[in-house]
Amino acid sequence: MYYPNFGSFTHCKIGIKMIKNTRPESINLISKRAFSPFCIYKLFKINKMSEKVYIFDTTLRDGEQVPGCKLNTKEKLALAVRLEELGVDILEAGFPVSSPGDFDSVHQIAKTLKNTVVCGLTRAVQKDIEVAAQALKPAARFRIHTGIGTSDLHIKYKFNSTREAIIERAVQAVKMARNFTDDVEFYAEDAGRTDNAYLAQVIEAVVKAGATTLNIPDTTGYCLPHQYQEKMAYLWNNVPNIDKAILSCHCHNDLGMATANSIAGVIGGARQIECTINGLGERAGNTALEEVVMILNQHKDLGFYTNINPKLLNPISREVSDVMRMAVQPNKAIVGSNAFSHSSGIHQDGFLKEAQTYEIMNPAEVGAEDTKIVLTARSGRSALAHRLHKLGFEFNRNDIDALYALFVDVADKKKEVVESDLQAMAAAYNSTLVSQ
Ligand code: KIV
Ligand code: ZN
């Protein structure tokens, strides 16, 4: 990128304005040399400031593609309202041409939401785009999400076509969508396995045709984080008109890397993440919304923020799990039932002395229940004393030593020592004291 010489204060102000609209990684050292020391100081300050990452929720589209998770219009509408409260910027409400039911869901959501951009998926097919536009029409703000497969595998086997013809179809689809809205997102399906130089050609052409967001899906969840980051950076650095659009991450979790890849994509230059509550989605799922939001929130040094209210993450996770009848795995980050429970003696002892020793965030921050100190055969005396204290028993150190012997006996026979076991133990111990 070329920057004029901003040596003077006035020019510096113009320069800063330009830099604000530029991703830090695209400002190279040569261009920095054109700035005065004051300008360079401001430049570093600006680059340290947080930049927004847009959250594009696709729970109701990619998430709902999970077998058994299909929702009716009423259920979708209720979740859409919750997702808007959560603070998602864009909500993909469905694939309107796919069925009358999905058309109706998208239409009702479009009528209801006030701030969130409502989005509908289409293929690069005229009918899909027309139907999506019709479903989305009542929305305060809407986006059409259109696209086509760009990897050689997709071009050959899905379309029996050529690279050139695919660019032509992509351009036509974007132009068609632009007849209905100026908010058009283009997806290059299987971008994860698409040759970067060709992908850059596709992206340049669709931006020229009017696409304002560029979805770079790792459709098969194949990329390694550094590869996905390099792909984003390659596009940012090699597509001449890339500053006219926002790059978006859309990662699948086939190898368990969806979250890592999305964060890598943002570091590489993307400013939108497509994700679902609880990481629901085709096969092994999509990027989990709660994970990327909390990573950006915890790692402030990365310099990004989102519009999501983290306190609503656990309540909405439970709601999605209930309505989709899909249990959340207990060890799931942020929203799993064990995400804030400690069971080993070493961890429990540290946590009870100072929570930060074993917890990087407070459960209340993400709307989870209080930390649980679970009692198992691996637990120690401090956890036992803590749990007994919570039940209203006050025992001294000698009592706890004696009770601990009883506890280990019970704990070895059971997976978990629960409240009723503790009550029984305390009662038995107290009665031995009375009879002495
Ligand atoms: O994974 C994918 O490529 C998709 C596109 C349809 C956006 O979901
Ligand atoms: Zn997908």
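From a predicted model like this one, the values you see are computed outputs, not experimental measurements. All residue numbers here refer to positions counted from 1 along the written sequence of the relevant chain. Working convention: letters from A go to chains and numbers from 1 go to ligands, in the order in which they are written. The model is predicted, so local features are restricted to residues of pLDDT at least 70 and side-chain atom pairs to those at 80 or more, both for listing and for counting; the totals for chains, interfaces and linings are taken over all residues. For side-chain calculations, the full set of non-hydrogen atoms in the structure is used, while hydrogens and water are omitted.

**Some words on the overall build of the protein**
Stated precisely, the cut-off is as follows: Each helix is a run of H or I in the DSSP string that is no shorter than four residues. Each strand is a run of E no shorter than two, and both are numbered from the N terminus. Burial classification: accessible surface area is computed with a 1.4 Å probe over protein chains only, and a residue below 20% of its type maximum counts as buried, one above 50% as exposed, and the rest as partly exposed. All accessible-area figures derive from a Shrake-Rupley calculation using a 1.4 Å probe, and residue coverage is judged against the displayed protein chains alone.
Each helix and strand counted, the protein has 17 helices and 12 strands in total. Considering the protein as a whole, with its 436 residues, one finds that 51% of them fall into the buried category. Carbon together with sulfur atoms contributes 53% to the accessible area of the protein, which is approximately 20700 Å² in total.

**Some details on helix H14 (residues 345-353)**
The condition is simple: Residue contacts follow a heavy-atom distance rule, with two residues in contact if any of their heavy atoms lie within 4.5 Å.
For H14, the full list of buried residues reads Gly 345, Gln 348, Gly 350 and Phe 351. Packed against the buried residues of H14 are strand E11 (341-342), strand E12 (372-373) and helix H15 (381-390).

**A few points about the packing of aromatic side chains**
Short version of the rule: Pairing of aromatic side chains here covers Phe, Tyr and the six-membered ring of Trp, requires ring centres within 6.5 Å, and sorts the geometry by plane angle: under 30 degrees stacked, over 60 edge-to-face, intermediate tilted.
The full count for this structure, using the stated rule, is three aromatic pairs. Residues Phe 393 and Phe 395 carry aromatic rings whose centres are separated by 5.9 Å and whose planes lie at 20° to one another, so their mutual orientation is stacked. On the basis of relative accessibility, which here comes to 19%, the residue Phe 393 falls in the buried class. Geometrically, the ring pair formed by Phe 395 and Tyr 429 is edge-to-face, given 5.8 Å between the ring centres and 75° between the ring planes. Of the two residues, Phe 395 sits in the loop between H15 and helix H16 (397-413) while Tyr 429 sits in helix H17 (residues 419-435), which places them 34 residues apart along the sequence. On the accessibility criterion, Tyr 429 (11% relative accessible area) is buried. Cluster of aromatic residues (ring-pair linked, three or more members): Phe 393, Phe 395 and Tyr 429.

**Notes on the environment of Lys 76**
Stated precisely, the cut-off is as follows: Here a polar contact means two N or O atoms within 3.5 Å. Within protein one must be a hydrogen donor candidate and the other an acceptor candidate, and residues neighboring in sequence count only if both atoms are side-chain atoms.
Structurally, Lys 76 is set in helix H4 (residues 73-86). Since its relative accessible area comes to 0%, Lys 76 is described here as buried. Expressed as a C-alpha distance, the spacing of Lys 76 and Ser 105, which sit 29 residues apart in the sequence, is 6.6 Å. When residues no more than four places from it in sequence are discounted, the contact partners of Lys 76 are Leu 60, Glu 64, Leu 71, Ala 93, Gly 94, Asp 102, Ser 105 and Ile 109. Side-chain polar atoms of Lys 76 contact the backbone oxygen of Leu 60, separated by 3.0 Å.

**Digging into helix H12 (residues 289-298)**
Counting buried positions along H12 yields seven of 10 residues, so the element is predominantly enclosed. Among all positions of H12, only Leu 289, Glu 290, Glu 291, Val 292, Val 293, Met 294 and Leu 296 are buried.

**Comments concerning the sheet that holds strand E8 (residues 246-251)**
For sheets, the rule is that strands pair by backbone hydrogen bonds, running either parallel or antiparallel. Spelled out, the test is: In this scheme, strands are said to pair when DSSP sees at least two bridges between them. Only the contacting stretch of a helix is used when fitting its axis, a line to C-alpha atoms as for every element, and angles between N-to-C directions run 0 to 180 degrees.
Strands sit in the order E2-E3-E4-E5-E6-E7-E8-E9 around a closed barrel of eight strands; the barrel is parallel. Across the sheet, the mean angle separating the axes of adjacent strands is 25° when strand polarity is ignored. Looking at chain direction, strand E7 (residues 213-218) and E8 are connected through six bridges and run parallel. Directly across from Asp 218, in E8, lies its bridge partner Cys 251. The strands touched by helix H10 (residues 225-238) within the sheet are E7 and E8, with E8 carrying the most contacts at an inclination of about 160°.

**Overview of the packing of helix H8 (residues 163-178) against helix H9 (residues 196-209)**
Selection rule: Angle categories: roughly parallel below 35 degrees, roughly antiparallel above 145, roughly perpendicular from 65 to 115, and oblique for all the rest. Should the near helix be turned counterclockwise from the far one by less than a right angle, the crossing is left-handed, whereas a clockwise turn marks it as right-handed.
Interhelical geometry of H8 versus H9 gives an angle of 25° and a closest axis separation of 8 Å. As the angle between them shows, H8 and H9 are arranged roughly parallel. Here H8 and H9 pass one another in a crossing that is right-handed. Residues Arg 163, Ile 166, Ile 167, Ala 170, Val 171, Val 174, Lys 175 and Arg 178 of H8 form the contact with H9, whose participating residues are Tyr 198, Gln 201, Val 202, Ala 205, Val 206 and Ala 209.

**Observations concerning the environment of Ser 98**
Within the secondary structure layout, Ser 98 lies in the loop between strand E3 (90-94) and helix H5 (100-112). In terms of polar contacts, Ser 98 uses its side chain to reach the backbone carbonyl oxygen of Phe 95, at 2.7 Å.

**Remarks on the site of ligand 1**
What counts here: Put simply, a residue is near a molecule or strand once any heavy atom of it comes within 4 Å of that molecule or strand. Classification convention: Asp, Glu, Lys, Arg as charged; Ala, Val, Leu, Ile, Met, Phe, Trp, Tyr, Cys, Pro as nonpolar; all other residues, Gly among them, as polar.
Neighbouring residues of ligand 1: Arg 61, Asp 62, His 145, Tyr 187, Glu 189, Asn 215, Pro 217, Thr 219, His 250 and His 252. Between an oxygen atom of ligand 1 and a side-chain N or O atom of His 250, the distance comes to 3.1 Å. Between ligand 1 and His 252, the relevant distance is 3.0 Å, taken from an oxygen atom to a side-chain nitrogen or oxygen of the residue. Out of a free accessible area of 260 Å², ligand 1 has 92% covered by protein chains. Mapped by element, the contributors of at least two residues to the shell around ligand 1 are strand E6 (184-189) and E7. Of the residues that constitute the shell around ligand 1, the class distribution is two nonpolar, five polar and three charged.

**Quick look at the pairing of E3**
Definition in use: Think of it like this: strands point away, you trace from the first strand over the helix to the second, and a clockwise trace means the crossover is right-handed.
Judged by how many residues are buried, E3 sits mostly within the fold: five of five residues are covered. With two bridges joining them, strand E2 (residues 54-57) and E3 adopt parallel strand pairing. Directly across from Asp 57, in E3, lies its bridge partner Leu 91. With H4 bridging E2 and the parallel E3, this β-α-β connection has right-handed handedness. Judged from the four bridges that link them, E3 and strand E4 (residues 117-121) form a sheet pairing that is parallel. Following the sheet pairing, Gly 94 is matched in E4 by Gly 120.

**Here we look at the side chain of Glu 359**
For clarity, the threshold we go by: Under the convention used here, Asp and Glu are negative, Lys and Arg are positive, and both His and the chain ends fall outside the count. Salt-bridge detection follows one rule: a side-chain nitrogen of Lys or Arg within 4 Å of a carboxyl oxygen of Asp or Glu.
Looking at the element boundaries, Glu 359 is found in the loop between H14 and E12. Here Glu 359 occupies a buried position and makes no salt bridge, while the nearest side chain of opposite charge, Lys 372, is found at 10 Å. Once residues within four sequence positions are removed from consideration, Glu 359 is found in contact with Phe 340, His 342, Phe 351 and Thr 371.

**Examining the confidence of the model for the protein**
Let me state the cut-off plainly: Per-residue confidence from the predictor is given as pLDDT, running between 0 and 100.
Summarising the model, the protein shows a mean pLDDT of 91, and 89% of its residues fall at 70 or more. When the criterion is pLDDT under 50, residues 1-11 qualifies, and its contacts beyond four places in sequence or with other chains add up to 26 contacts. In this model residues 24-34 is a low-confidence stretch, pLDDT under 50, and it forms 26 contacts with partners more than four residues away in sequence or in other chains.

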